[in-house]
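# Reading the structure
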Amino acid sequence: MPDVRVMPDALASQVAAGEVVERPASVIKELVENSLDAGSSELRVESQRGGVALIKVTDDGCGMGRDDAVLSLERHATSKLREKEGLNAITTLGFRGEALPSIASVSRFRLITRTKDSVSGTAIMVEGGKLKEVSEAGCPPGTTVEVRDLFYNIPARRKFLRSESTEAAHVDYQVRLHALSSPGTRFIYRKDGRVSFDVPATDDRRVRIADLGGRQNLGNLREVSRLEYPGMAVSGYLGSPDAARKSRRGQYLFLNGRPVEDQVVWRALAEACRGSLPGDHHPAAWLWLEMDPLLVDVNVHPSKREVRFHRPGDLRALLLEAIGGVITGKASGGTSSSSLSGADPSSRKGAIGKKVSEYTYPRGEELGDELGENVDRTHPAGGEIHVREGEPDLAGPRTWKVEVQSELTAEGSSSKEPPFRVMGVLHGSYFILEGSDGLALLEGEAARERILFETFLTMMGKGAAESQGMLVPLLLDLESRDLDVVLRNVDNFRAAGMELEPFGSGTVQLRCIPSALGEEDARALLLDVVDELVHSAEGKSSRELTSEKFAAKLAKVGAKRGRCRENEGKALLKQLFECDQPYITPGGRPIMVEFALSELERKFGK
Ligand code: ADP
Ligand code: MG
């Protein structure tokens, strides 16, 4: 392929300039794409310290001759795009000719490359955009790019980087994304000197999905059989409904081999799955779209992550038909795991995925000792209205707070015995209550949320989490960004009674779960908590959450489980009225709505 030339000016400006290098993961993306474009069958990616210290990508692709190598570092030098028509018919991953020079301008950069038929290779060193050295090098055919000390010469950009672990999580995700998109290429990924994964080339996408840690879902992968409309086709897999998540993090989309994000596709997928999943859940999905390059503009985003379809309506129809067939079971697809014999995930699930409630557990006293010190003890339940003695006198607000406090305390003590009686259940969601003054509807989920929240807060405050150990610890493969969130909140999890620890690359081990959530499927629970955490962590600093916020998240997830059953009503009501604030959820929603007798009478015209 090489024979690198500088683009004609007009074309160069047509390709909108943009920031290619945002963070280490974007460097990985550009380098890996170049290697894939070069027709590599084996790709080695290495990162150190989140990619900030070092990123190295080595391929066995076509390589470059000396002149091409030098030219490739000039702005808008590309071998992939020649004329204007070129932009409308791009089949390679790269085409802007911006990546190498951009990366080389913000790092200590080394390119070593050799074509198959030349006897020796070329090494080029660039520092902060300045060419330092071009020399002959002994090396195998292919290309290695080394990027050290990213942003060393632009402190402002460097400051923008997140913690090493967060950058590393993005890097991991990026490598996995490419590995998923190109199963035909062997990927070896080393992270801080250790092999994180080494996945052999395969022509079966399911094998690649499995190799990359989707194993626990794999037994139930449902095939989206290839469906073709004029100019476009889709194929892929959906995860099982119970692997569905509250976020879209389990969804991968590849357009002509390029990982992309696209709302048209996600919306169509959600639409196709409507009714088959709990309202706010998204199925795990791996979708490959093939599209006539004329029908899609991939040049709307500097890193080409977002695209613009020229016929979104057709695409939607295609997806609805292809995916709808899988959901309703009409499609020919529906692959079972049997063809994946060796990697059959269901056997593993059988061994460790048993319902937690099927075992008896030692109570986790031993946990208590390790707790406490790192737990924020200053939050009493319902802390927002609590006033501590001896606090500086802030006249106005304080008086107000004290009033609220005493009012509630008075109400609290008199309300330990619920002032209601359970009459029945409405639509599985509400308890119908009779009170001295009329009728009330109690939202079961909201009530559970309040009870769990206060339970967790108290436990976390006392450092005495009640948890159930699992006879067989549960192993969970987590996607790197999820893993990052989990690890950052390990202390919170522990304080709340969930002991999690890293267990090899990308896997955590869950050894116990809070008794208050005991009946549940631990895996689904943890994933939901992660989604909830990610929801709040994204865009904010990478600190772990306060125990109060964490308890609120955990309570929210825990409360979702189960419909309201009439025979639970009484106990639930009792627990609720033992809470400090029985009328409002931690998030501020009402827990019950009352209808006074006088109001009812008025409605009946009495
Ligand atoms: P683009 O990929 O948009 O063309 P880049 O700056 O990423 O621009 O790369 C410039 C050129 O360098 C590419 O067009 C390609 O010809 C060459 N090149 C870059 N990386 C490799 C590689 N790993 N193997 C072979 N050629 C490469
Ligand atoms: Mg490129």
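All residue numbers refer to positions counted from 1 along the written sequence of the respective chain. As a convention, the first chain written is A and the first ligand written is 1, with the rest following in written order. Side-chain atom pairs in this predicted model are given and counted only at pLDDT of 80 or more, local residue features only at pLDDT of at least 70, and totals for whole chains, interfaces and linings cover all residues. In computing side-chain values, all of the structure's heavy atoms are included and hydrogens and water are not.

### Focus: the overall build of the protein
- Helix and strand labels come from DSSP, where a helix needs a run of H or I of at least four residues and a strand needs a run of E of at least two; each type is numbered from the N terminus. The secondary structure content of the protein amounts to 20 helices and 24 strands.
- Under the scheme applied here, a residue whose accessible area is under 20% of the maximum for its type counts as buried, over 50% as exposed, and between as partly exposed, the area being computed with a 1.4 Å probe on protein chains only. Sorting the 606 residues of the protein into buried and exposed places 51% on the buried side.
- Computed by Shrake-Rupley with a 1.4 Å probe, the accessible areas treat only the displayed protein chains as cover when residues are assessed. Carbon and sulfur atoms make up 51% of the accessible area of the protein, which amounts to about 28100 Å² in all.

### Re the pairing of strand β13 (residues 251-255)
- For β13, the tally of buried residues reaches five of five residues, placing the bulk of the element in the interior.
- Of the two faces of β13, the one lined by Q251, L253 and L255 and the one lined by Y252 and F254 are each fully buried.
- Paired strands are those between which DSSP finds at least two bridges. The sheet contact formed by β13 and strand β14 (residues 258-259) spans two bridges and is antiparallel. Looking at the pairing, L255 lines up with R258 of β14.
- Counted between consecutive antiparallel strands, the loop separating β13 from β14 contains two residues, among which N256 sits at a positive phi close to 45°.

### A closer look at the nonpolar core
- Residue types Ala, Val, Leu, Ile, Met, Phe, Trp, Tyr and Cys, when buried and joined through side-chain atoms within 4.5 Å, form a set referred to as a nonpolar core. L31, F109, V147, F187 and W286 are the most contacted members of the largest nonpolar core, which totals 48 residues.
- The split into domains, and so the bounds of each, comes from an automatic or database assignment of domains. Residues lining this core come from more than one domain, with at least three contributed by each of domain 1 (9-199) and domain 2 (221-358).
- Judged by nonpolar contacts, the second largest core, of 36 residues, contains A495, V508, V529 and F550.

### Here's the deal with the packing of aromatic side chains
- Centres within 6.5 Å are what make two rings of Phe, Tyr or Trp a pair, Trp counting through its six-membered ring; a difference in plane orientation under 30 degrees is then read as stacked, over 60 as edge-to-face, and the rest as tilted. A complete count under the given rule lists six aromatic pairs for this structure.
- Seen from their ring centres, F420 and F577 are 6.1 Å apart, and the 45° between their planes marks the pair as tilted. Within this pair, whereas F420 is found in strand β18 (residues 420-426), its partner F577 is found in helix α19 (residues 569-578), the two being separated by 157 residues in sequence. As far as the burial class goes, F420 and F577 line up, both buried.
- Cluster of aromatic residues (ring-pair linked, three or more members): Y173, Y252 and W286.
- By definition, being over a ring means that NZ of Lys or CZ of Arg is both within 6 Å of the ring centre and within 35 degrees of the ring normal. The ring of W288 has R205 lying over it, and the distance from NZ or CZ to the ring centre is 4.1 Å.

### Regarding the packing of helix α14 (residues 444-462) against helix α18 (residues 547-560)
- Two elements in contact, α14 and α18, have axes separated by 8 Å at closest approach and are oriented at 140°. Viewed along their axes, α14 and α18 adopt a mutual orientation that is oblique. Every pair of crossing elements has a handedness; the one defined by α14 and α18 is right-handed. Counting all contacts with α14, which are made through E445, R448, E449, L452, F453, F456, L457 and M460, the residues of α18 involved are S547, E548, F550, A551, A552, L554, A555, K556, G558, A559 and K560.
- Gly counts as polar in this scheme, as do all residues outside two lists: the nonpolar Ala, Val, Leu, Ile, Met, Phe, Trp, Tyr, Cys and Pro, and the charged Asp, Glu, Lys and Arg. When grouped by side-chain class, the residues that make up the contact of α14 with α18 number eleven nonpolar, two polar and six charged. Note on geometry: axes are lines fitted to C-alpha atoms, helical ones only across the stretch in contact, with angles between N-to-C directions running from 0 to 180 degrees. By the definition adopted for this analysis, an angle is roughly parallel if under 35 degrees, roughly antiparallel if over 145, roughly perpendicular if from 65 to 115, and oblique otherwise. By convention, the crossing between two helices is left-handed when the near helix turns anticlockwise from the far helix through less than a right angle, and right-handed when the turn is clockwise. Whether two residues are in contact is decided by their heavy atoms: any pair within 4.5 Å suffices.

### A short note on the sheet that holds strand β24 (residues 592-596)
- Within the open sheet, the four strands sit side by side as β18-β19-β20-β24. Their pairing is antiparallel. Every interior strand has two partners, whereas the edge strands, β18 and β24, have only one. Going across the sheet, the axis of each strand differs from the next one's by a mean of 25°, ignoring polarity.
- Sheet analysis places strand β20 (residues 438-443) next to β24, joined by five bridges and oriented antiparallel. Its bridge partner lying in β24, L441 is registered against V593.
- Packing against the sheet, α14 makes contact with β19 (430-435) and β20, and its axis sits at approximately 70° to β20.
- Contacts from α19 reach β18, β19, β20 and β24, with the element oriented near 125° to β18.

### Remarks on the confidence of the model for the protein
- pLDDT expresses, on a scale from 0 to 100, how confident the predictor is about each individual residue. Residues of the protein with pLDDT of at least 70 account for 72%, and the chain-wide mean is 75.
- Low pLDDT, under 50, characterises residues 82-87; the stretch is placed with 13 contacts to residues that sit more than four places away or in other chains.
- This stretch, residues 538-543, has a pLDDT under 50; its non-local contacts, to residues over four places away or in other chains, come to seven contacts.

### Side note on unusual backbone geometry
- At D192, a position not held by glycine, the phi torsion is positive, near 45°.
- Checked against the element boundaries, D192 lands in the loop between β9 (186-191) and β10 (194-199).
- The residue H427 is not glycine, and still its phi comes out positive at about 50°.
- The class of H427 is exposed, set by a relative accessible area of 68%.

### Here's the deal with the sheet that holds strand β5 (residues 108-114)
- Strand order across the open sheet formed by eight strands is β7-β6-β5-β8-β3-β2-β9-β10, with mixed pairing between neighbours. Strands at the two margins of the open sheet, each flanked by one partner only, are β7 (130-137) and β10. Strand after strand, the sheet turns through a mean of 10° between neighbouring axes, direction not considered.
- In this sheet, β9 lies alongside strand β2 (residues 42-48) in parallel orientation, the contact comprising six bridges. Of the residues in β9, the one forming a bridge with E42 is R186.
- Along the sheet, helix α7 (residues 164-181) makes contact with β2, β9 and β10, crossing β9 at roughly 170°.

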